[in-house]
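Chain residues, written in single-letter form:
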Amino acid sequence: MTYEIEIGRGKRGRRAYSFDDIAVVPSRRTRDPEDVSVTWQIDAYHVELPVLAAPMDSVMSPATAVRLGQLGGIGVLDLEGLWTRYSDPEPLLAEIAELPEDRATARMQEIYSAPIIPELITERLGEIRKAGVTVAGALSPQRTQEHWRTVVGAGVDLFVIRGTTVSAEHVSSNAEPLNLKRFIYELDVPVIVGGASTYTAALHLMRTGAAGVLVGFGGGAAHTTRTTLGIHAPMASAVADVAAARRDYLDESGGRYVHIIADGGVGLSGDLVKAVACGADAVMLGAALARAQEAPGRGWHWGPEAHHPQLPRGERVRVGTVGTLQQILLGPGSQADGTLNLIGALRRAMATTGYSDLKEFQRVEVVVSPYRPR
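Since we're looking at a predicted model, the values are computed, not measured. (Residues numbered from 1 in each chain as written. Predicted model: local features only at pLDDT ≥ 70, side-chain atom pairs only at ≥ 80, totals over all residues. Heavy atoms only, no water.)

A. The overall build of the chain, seen in detail. Each helix and strand counted, the chain has 14 helices and 16 strands in total. Taking 21 Å as the expected radius of gyration for a compact globule of 374 residues, we find that the chain reaches 20 Å, a close match to that expectation. Of all 374 residues assigned to the chain, the portion counted as buried reaches 53%. In the chain, the share of contacts with a sequence separation of at least 24, taken over all contacts with a separation of at least 6, comes to 66%. (Helix = DSSP H or I, 4+ residues; strand = E, 2+ residues; numbered from the N terminus. Rg over C-alpha atoms; globule rule 2.2 N^0.38 Å. Buried < 20%, exposed > 50% of the residue type's maximum accessible area, 1.4 Å probe, protein only. Contact = heavy atoms within 4.5 Å.)

B. Up close: the confidence of the model for the chain. Chain-level statistics for the chain give a pLDDT mean of 91 and a share of 93% at 70 or above. Counted against residues more than four places away or in other chains, residues 169-173, with its pLDDT under 50, gives one contact. (pLDDT = per-residue confidence, 0-100.)

C. Highlighting helix 3 (residues 101-111). Every buried residue of helix 3 is listed here: Ala104, Arg107, Met108 and Ile111. The buried residues of helix 3 occupy one face: seen down the axis, they fall within an arc of 105°. For helix 3, the elements touching its buried residues are helix 2 (90-98). (Arc of directions from axis to C-beta.)

D. Here's a closer look at the pattern of salt bridges. Applying the stated criterion across every chain yields a total of 15 salt bridges. Note that Glu95 and Arg107 form a salt bridge whose closest N and O atoms lie 2.6 Å from each other. Here Arg107 lies in helix 3 and Glu95 lies in helix 2, a separation of twelve residues in the sequence. Taking relative accessible area as the criterion, Glu95 reaches 27% and is therefore assigned partly exposed. A salt bridge links Arg247 to Asp248, with the nearest nitrogen and oxygen atoms 3.1 Å apart. A residue is classified by how much of its surface remains accessible, and Asp248, at 26% relative accessible area, is partly exposed. (Salt bridge = Lys/Arg side-chain N within 4 Å of Asp/Glu carboxyl O.)

E. The packing of aromatic side chains, seen in detail. Tallied over the entire structure, the rule returns three aromatic pairs. Here the aromatic rings of Trp148 and Phe183 are separated by 5.6 Å at their centres, their planes lie at 90°, and the arrangement is edge-to-face. Of the two residues, Trp148 sits in helix 5 (residues 141-153) while Phe183 sits in helix 6 (residues 180-186), which places them 35 residues apart along the sequence. On the basis of an interplanar angle of 65° and a centroid distance of 5.9 Å, the ring pair of Tyr355 and Phe361 is categorised as edge-to-face. You'll find Tyr355 and Phe361 in the same group, each marked buried. Note that Arg316 overlies the ring of Trp300, its terminal NZ or CZ placed 3.8 Å from the centroid. Seen from the ring of Tyr257, Lys359 lies directly overhead, with NZ or CZ sitting 4.5 Å from the centre. (Phe/Tyr/Trp six-rings, centres within 6.5 Å; stacked < 30°, edge-to-face > 60°. Lys NZ or Arg CZ within 6 Å of the ring centre and 35° of its normal.)

F. Representation of the environment of Arg85 within the structure. The topology assignment puts Arg85 in the loop between strand 7 (74-78) and helix 2. The spacing of Arg85 and Gln362 is 277 residues in sequence and 40 Å in space, taken between C-alpha atoms. Those residues in contact with Arg85 that sit more than four places away from it in its chain are Glu80, Tyr112, Ser113, Ala114, Pro115, Ile116, Ile117, Leu120 and Arg143. At 2.5 Å, the side chain of Arg85 and the backbone oxygen of Ala114 are in polar contact. (Polar contact = N/O pair within 3.5 Å; in protein donor to acceptor, adjacent residues only side chain to side chain.)

G. Inspection of the pairing of strand 12 (residues 259-263) at higher detail. Of all five residues making up strand 12, five are buried, and the element is well covered by its neighbours. Neither face of strand 12 is left uncovered, since the one carrying His259, Ile261 and Asp263 and the one carrying Ile260 and Ala262 both have all their residues buried. Direction of pairing for strand 11 (residues 212-215) relative to strand 12: parallel, over a ladder of four bridges. When the bridges of strand 12 are listed, Val213 appears paired with Ile260. Sheet topology note: the strand 12/strand 13 (residues 282-285) ladder contains three bridges and is parallel. Paired with Ile261 across the bridge in strand 13 is Ala282. In this view, the connection linking strand 12 to its parallel neighbour strand 13 by way of helix 10 (residues 269-277) has right-handed handedness. (Pairing = 2+ DSSP bridges. Right-handed = clockwise from strand over helix to strand, strands pointing away.)

H. Inspection of the pairing of strand 2 (residues 11-14) at higher detail. In terms of strand pairing, strand 1 (residues 4-8) meets strand 2 through four bridges, oriented antiparallel. Bridging across to strand 2, Glu6 finds its partner in Arg12. Following strand 1, the chain reverses through two residues before pairing antiparallel with strand 2.

I. Just the packing of helix 2 against helix 3, in detail. At a minimum axis separation of 10 Å, helix 2 and helix 3 run at an interaxial angle of 165°. Comparing their axes, helix 3 and helix 2 come out roughly antiparallel. Helix 2 and helix 3 meet at a crossing whose hand is left-handed. Facing Leu92, Glu95 and Ile96 of helix 2, the residues of helix 3 in contact are Arg107, Met108 and Ile111. Of the residues that constitute the contact of helix 2 with helix 3, the class distribution is four nonpolar, no polar and two charged. (Axes fitted to C-alpha atoms, helices over the stretch in contact; angles between N-to-C directions. Parallel < 35°, antiparallel > 145°, perpendicular 65-115°, else oblique. Left-handed = near helix turned anticlockwise from the far one by under 90°. Nonpolar A, V, L, I, M, F, W, Y, C, P; charged D, E, K, R; others polar.)

J. Up close: the nonpolar core. Formed by 104 residues in total, the largest nonpolar core has its most connected members in Leu52, Phe159, Leu285, Leu289, Leu346 and Phe361. Counting residues per element, this core draws most heavily on helix 9 (residues 235-252), which supplies eight residues. Aside from chain neighbours lying at most four places away, what touches Phe361 is Val24, Val273, Val276, Ala277, Leu346, Ala349, Met350, Thr353 and Tyr355. If you look at the next biggest cluster of nonpolar residues, it comprises 14 residues, including Leu82, Ala97, Leu99 and Trp300. (Core = buried A, V, L, I, M, F, W, Y, C linked by side-chain atoms within 4.5 Å.)

Below you can see the structure in the form of structure tokens.
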């Protein structure tokens, strides 16, 4: 049953929940954490950890994508970022980390106004491929038609089309929009597309043939979408709604399973646990991995929304540095704030509630229990 709240006589709204509003509940059985499996598979790729790194310059460089792949996750490189605009972006990354707050957005707009160089797309993806890990790169829907041939030609394994929101039915009077269904059908590599935050939007994306759907809208640490556009999708409800779309599409398509990846609002280990509990197969981490010693952002975090040339919908935020990528994902943890050993926390939560793998854990009981830290 859907409960609506009367906002005023002329408008009603559905109550939605963030990860902070819910909690998982133990069952009658517990397990040893060592007996729990956190692996998953998307298309032909078996992945040890349910983690993709967000395609953000503060999170992923070719080197960190390789390191994440070696640890068992998937690093997604932003193919519209500094690594494909400059042959040596390190001095610019250092400059961004030192910018005063009142100059950060304007200077980043200048830095990111440089053109994308197709040869650098090929070179960066080639660096990742040489290391023998899964190669994933991301383009926005606006840039996909311009650069997809270069990306596929470079030998990408997973093609990510990522925007603040992506629909299967974009309408424009100025340009021919990307036909997702035709594009995915003609492509020889699996496509992950998003974000989507509603049942209907996700169902339409699944019908395009996407292998995975990113769930989220403006919920990340570096987003100001709610402030600038007035749009926000609380993540627990968004993931659960898209999981319902996956269930119905599974019946509609005769058994085709589309993976759900929670993208936004997963900053701590408890958020990861609750994302899977609501129906996600994996999560896309931004701020959580920007805290790594190896992260290109040097303790700062920002996404492409932060340097949009006309309407920035994000900002550069200080997240600090807490440990190495390995410590953040696999431990050992040395503090109890949810920033270290994310996968260890997931294993323990699954073991404590009695579930042996991720798909089973999606059935765990969840309660509405708002958390209000003192």
